[in-house]
Amino acid sequence: MQNAYFRDLFRLLRHPLTLAVFFLAALPAKAQLNMEEHDGKPYYFGITLAVNQSHLRLTHSDIFLKQDSIMVAEPLKTIGFNVGLLANLRFNHRFDLRFNPQLFFANKNLSYKENYPERTTEKKVESITASFPLQIKFKSDRIGNLRVYTIAGMKLDYDLASNKGLRRAEDLVKINKTAYGYEVGAGFEIYFPSFIFTPEFKISNGLNDVHVKDPNLRYSRVLDQLNTRTIVFSIHLQG
């Protein structure tokens, strides 16, 4: 399962990754050192633009095995985008603390194959999520105008479009407003004369069950747990 997840990551990001590799190869070997004073800053800020691939990891309920009207229930992977801000606090030449609040626009849809009548039904789970990740950043030494880093941390998400409070029944799958999880990723900083261009790859996994269980909802009662999963390719512009 984890290998398949990393294959999805590569498929989503292979074109930006290829462009980045060509870009780095085109940099002169002995380029002028840009923004030398930046490494001594105690803190700095930036903005984030990103594309994401999101889906819900699900487990089936006992009811799913006992009924024969819904034969398949599975998540669909969708592409969305996110925007955000970045604040970076320097601990030392190796470690930083980073806060990167973002607004995610991404649906987390589900697909059902039914017997009576025989059809495939897609349930759209709309999501506009305010995400608040706090991360530790581990940095390499700077090589000319390039630095590589890794990140790891925790996040808290609040779904602004959650349907938890809706009362109309039967065809709903209700999702909780809040979720928490962990994030891991890596990127590299390219120093230009007046800003830092930072491509980054990140995997984000939810730890809590966001499914609001309701045995009266037809498409919901065949599900047990729902956990969020997101792959993100970001561009940070830092000053």
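See the structure shown above.
Residues numbered from 1 in each chain as written. Predicted model: local features only at pLDDT ≥ 70, side-chain atom pairs only at ≥ 80, totals over all residues. Heavy atoms only, no water.

**With respect to the pattern of salt bridges**
With the rule as written, the count across this model stands at 13 salt bridges. Put simply, D39 and R142 hold a salt bridge, and the shortest N to O gap is 3.6 Å. Here D39 is found in the loop between helix 1 (2-26) and strand 1 (43-60), whereas its partner R142 is found in the loop between strand 8 (128-139) and strand 9 (146-159), with 103 residues between them in sequence. The exposure class of D39 is partly exposed, given its relative accessible area of 28%. As a salt-bridge pair, E114 and R119 come within 3.1 Å of each other at their nearest N and O atoms. Residue classification places R119 among the partly exposed residues on the basis of a relative accessible area of 39%. Through salt bridges with shared partners, a single ionic network connects D39, K137, R142, R147 and E189. (Salt bridge = Lys/Arg side-chain N within 4 Å of Asp/Glu carboxyl O. Helix = DSSP H or I, 4+ residues; strand = E, 2+ residues; numbered from the N terminus. Buried < 20%, exposed > 50% of the residue type's maximum accessible area, 1.4 Å probe, protein only.)

**Focus: the packing of aromatic side chains**
For any pair of aromatic rings, the description rests on two quantities: the centre-to-centre distance and the angle between the ring planes. The full count for this structure, using the stated rule, is six aromatic pairs. Measuring from ring centre to ring centre gives 5.8 Å for Y43 and F45, while their planes differ by 65°; the resulting arrangement is edge-to-face. Ring plane angle 15° and centroid distance 5.1 Å describe the contact between F192 and F195, whose orientation is recorded as stacked. Taking relative accessible area as the criterion, F192 reaches 24% and is therefore assigned partly exposed. (Phe/Tyr/Trp six-rings, centres within 6.5 Å; stacked < 30°, edge-to-face > 60°.)

**Comments concerning the nonpolar core**
With 16 residues, the main nonpolar core has L110, Y112, V173, I175, V222, L223 and L226 as its most contacted residues. Only strand 1, strand 2 (70-75), strand 6 (110-114) and strand 12 (223-238) provide two or more residues apiece to this core. (Core = buried A, V, L, I, M, F, W, Y, C linked by side-chain atoms within 4.5 Å.)

**Overview of the pairing of strand 11 (residues 196-206)**
Note on strand geometry: in a regular strand, side chains alternate between the two faces of the sheet. Here strand 11 lies mainly inside the structure; nine of its eleven residues are buried. One ladder, built from nine bridges, connects strand 10 (residues 178-191) with strand 11; its direction is antiparallel. Opposite Y182, over in strand 11, you have N205 as the bridge partner. Both strand 11 and strand 12 contribute to a ladder of ten bridges, which runs antiparallel. Within strand 12, the residue paired with F197 across the bridge is L237. (Pairing = 2+ DSSP bridges.)

**Some details on the sheet that holds strand 6**
The three strands lie next to each other as 2-6-7, forming an open sheet whose pairing is antiparallel. Two strands lie at the open edges of the sheet, namely strand 2 and strand 7 (119-123), each paired on one side alone. This sheet shows a mean twist of 20° between the axes of neighbouring strands, independent of strand direction. Looking at chain direction, strand 6 and strand 7 are connected through five bridges and run antiparallel. If you follow Y112 over to strand 7, its bridge partner there is T121. (Axes fitted to C-alpha atoms, helices over the stretch in contact; angles between N-to-C directions.)

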